[in-house]
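# Fold and geometry: a report
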Amino acid sequence: FFFSSRRRHTRSSLVSWARRCVQETGGQPTNEEKKKAKEEDKLKDKPKEETKATNYTPAQIGQENENELYTKQVPAYPGEGDQILEATQGEHAAVDKTVGVVIAPTNPPEINSKAPNVNYLPHYVYGYRGFDCRQNLFFSDEGKVIYHMAAMGIILDPVANTQQFFGGKAFEVRGSNQHNTDIICLSVSQDGKMAATGDLGNSPNLFIWKTADGSLIKTCKPNGKKMKGIKCCGFSNDGNLVAFVDKSDAFTVYVYSISEQKVIWSEASGNKEVYAISWSKKKDEHIFATCGDKHIILWDFDKKAKTPSTEGADNTYLCATFDDKGICLSLIHI
């Protein structure tokens, strides 16, 4: 069967309907049935919502330019309780569904835009940063767990399950006595009494603080260029020197003296990323190692010299440490 029509979808629906009639009755549809089907299709084609435009003068809607006309497009059949909002020419008005549902409070207090005169203090910090940091979890001399999260150094008492902090004060009162950006490296001295933490930024900070209560000992602000942050750090065996590596393209190594309160040596390690740094535990020896992407380097602070290792140059060194005899141990990724 084929019924001619001006609309493709109407013709298609009539054909389907006619085939269904033939299957059910075994004959052709009557003229009355055809007419009823066309009326049903017209109802389907009718738009659910029509719009009407009304022109308003600028004075009516509070505009300054008296020569312009503005048009409000309003739904012809708004829902019950809907509020029609004004719209300028070329825009459609929005229907506010909150009218009649959200009710303003009676006698509300005056709005006070001033900040409250209070400061917060952290009580407990959840989480540990490990996804982009290495060798950043230690025990103090008192058996407390030392680690970091966000811009805070954390001292956790595992028995009482309480915490103390280095940093964490309100941003307005931080100043130069705590980290203003995320900490990305941490080290604890051999005796477990001091911690050093370095943060992100082109002008990063290295803070040295007590593991007993988080109080500040020294602040180191190196003057390197485009440092991007302090990648890793470590204490010498005697606790007076802190070596650290920045995140610059040259991965520069710095040595800071706590007694002299300044950086006393710096040198670029190369263009390969450094993952970790560790000092020798041998008494009176000032040798440390840096390792990372396909390299490991031994640094002699007293001689101001570095010795790259030629063995396993194709392997990535994930971490390094020393024993009390001065032997360097490293884990490699083959």
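Calculation criteria
Residues numbered from 1 in each chain as written. Predicted model: local features only at pLDDT ≥ 70, side-chain atom pairs only at ≥ 80, totals over all residues. Heavy atoms only, no water. pLDDT = per-residue confidence, 0-100. Contact = heavy atoms within 4.5 Å. Pairing = 2+ DSSP bridges. Helix = DSSP H or I, 4+ residues; strand = E, 2+ residues; numbered from the N terminus. Axes fitted to C-alpha atoms, helices over the stretch in contact; angles between N-to-C directions. 1 Å grid on protein atoms, 1.4 Å probe; cavity = no way out; pocket = protein on both sides within 12 Å on 5 of 7 lines; lining within 4 Å. Points joined across faces, edges and corners; volume = space filled by probe spheres on them. Nonpolar A, V, L, I, M, F, W, Y, C, P; charged D, E, K, R; others polar. Buried < 20%, exposed > 50% of the residue type's maximum accessible area, 1.4 Å probe, protein only. Polar contact = N/O pair within 3.5 Å; in protein donor to acceptor, adjacent residues only side chain to side chain. Phe/Tyr/Trp six-rings, centres within 6.5 Å; stacked < 30°, edge-to-face > 60°. Lys NZ or Arg CZ within 6 Å of the ring centre and 35° of its normal.

Glancing now at the confidence of the model for the protein. Averaged over the protein, the pLDDT score is 81; the fraction of residues at 70 or greater is 72%. Here residues 61-78 scores under 50 on pLDDT; set against residues more than four positions off or in separate chains, the count is 48 contacts.

This brings us to the sheet that holds strand 19 (residues 295-300). Read from one edge to the other, the open sheet built from four strands follows the order 17-18-19-20, with strand pairing classed as antiparallel. Since the sheet does not close on itself, it has two edges, and those belong to strand 17 (274-279) and strand 20 (305-308), each with one partner. Each adjacent strand pair in this sheet contributes to an overall mean axis angle of 20°, direction not counted. Looking at chain direction, strand 18 (residues 287-292) and strand 19 are connected through six bridges and run antiparallel. Looking at the pairing, Gly292 lines up with His295 of strand 19.

In this model, the largest pocket occupies a volume close to 300 Å³. Residue lining of the largest pocket: 21 residues in total, with Gln135, Phe138, Ser187, Ile277 and Ser278 positioned closest to the centre. Breaking the lining of the largest pocket down by element, the ones donating at least two residues are strand 5 (138-139), strand 9 (183-188), strand 13 (230-235), strand 17 and strand 21 (316-322). Broken down by element, the residue count for the lining of the largest pocket peaks at five residues, all from strand 17. Tallied by class, the residues present in the lining of the largest pocket amount to twelve nonpolar, seven polar and two charged.

By the element assignment, Pro158 lies in the loop between strand 7 (152-157) and strand 8 (162-166). Residue classification places Pro158 among the partly exposed residues on the basis of a relative accessible area of 47%. The sequence separation of Pro158 and Gly143 amounts to 15 residues, and the corresponding C-alpha distance is 8.4 Å. Look past the residues within four positions of Pro158 in its chain and what remains in contact with it is Gly143 and Lys144.

Bringing the side chain of Ser269 into the picture now. Its location among the elements puts Ser269 in the loop between strand 16 (262-268) and strand 17. A distance of 2.6 Å separates the side chain of Ser269 from the backbone oxygen of Phe251, its partner in a polar contact.

Even without being a glycine, Ala150 presents a positive backbone phi close to 55°. On the secondary structure map, Ala150 appears in the loop between strand 6 (145-149) and strand 7. For Ala150, a relative accessible area of 35% puts it in the partly exposed group. Unusually for a residue other than glycine, Asp284 sits at a positive phi of about 65°. When you line up the elements, Asp284 lands in the loop between strand 17 and strand 18. For Asp284, a relative accessible area of 67% translates into the label exposed.

So, about the packing of aromatic side chains. Per the stated rule, a full pass over the model turns up nine aromatic pairs. Each ring, one from Trp265 and one from Phe301, has its centre 6.2 Å from the other, and the planes form 55°; the classification is tilted. Taken together, the residues span a long stretch of sequence, with Trp265 in strand 16 and Phe301 in the loop between strand 19 and strand 20 at a distance of 36 residues. The structure contains a cluster of three or more aromatic residues connected by ring pairs, namely Trp265, Trp279, Phe288, Trp299 and Phe301. The residue whose ring lies beneath Arg134 is Tyr275, and the NZ or CZ to ring-centre distance is 4.4 Å. If you follow Lys304 out to its NZ or CZ, it ends over the ring of Trp265, 6.0 Å from the centre.

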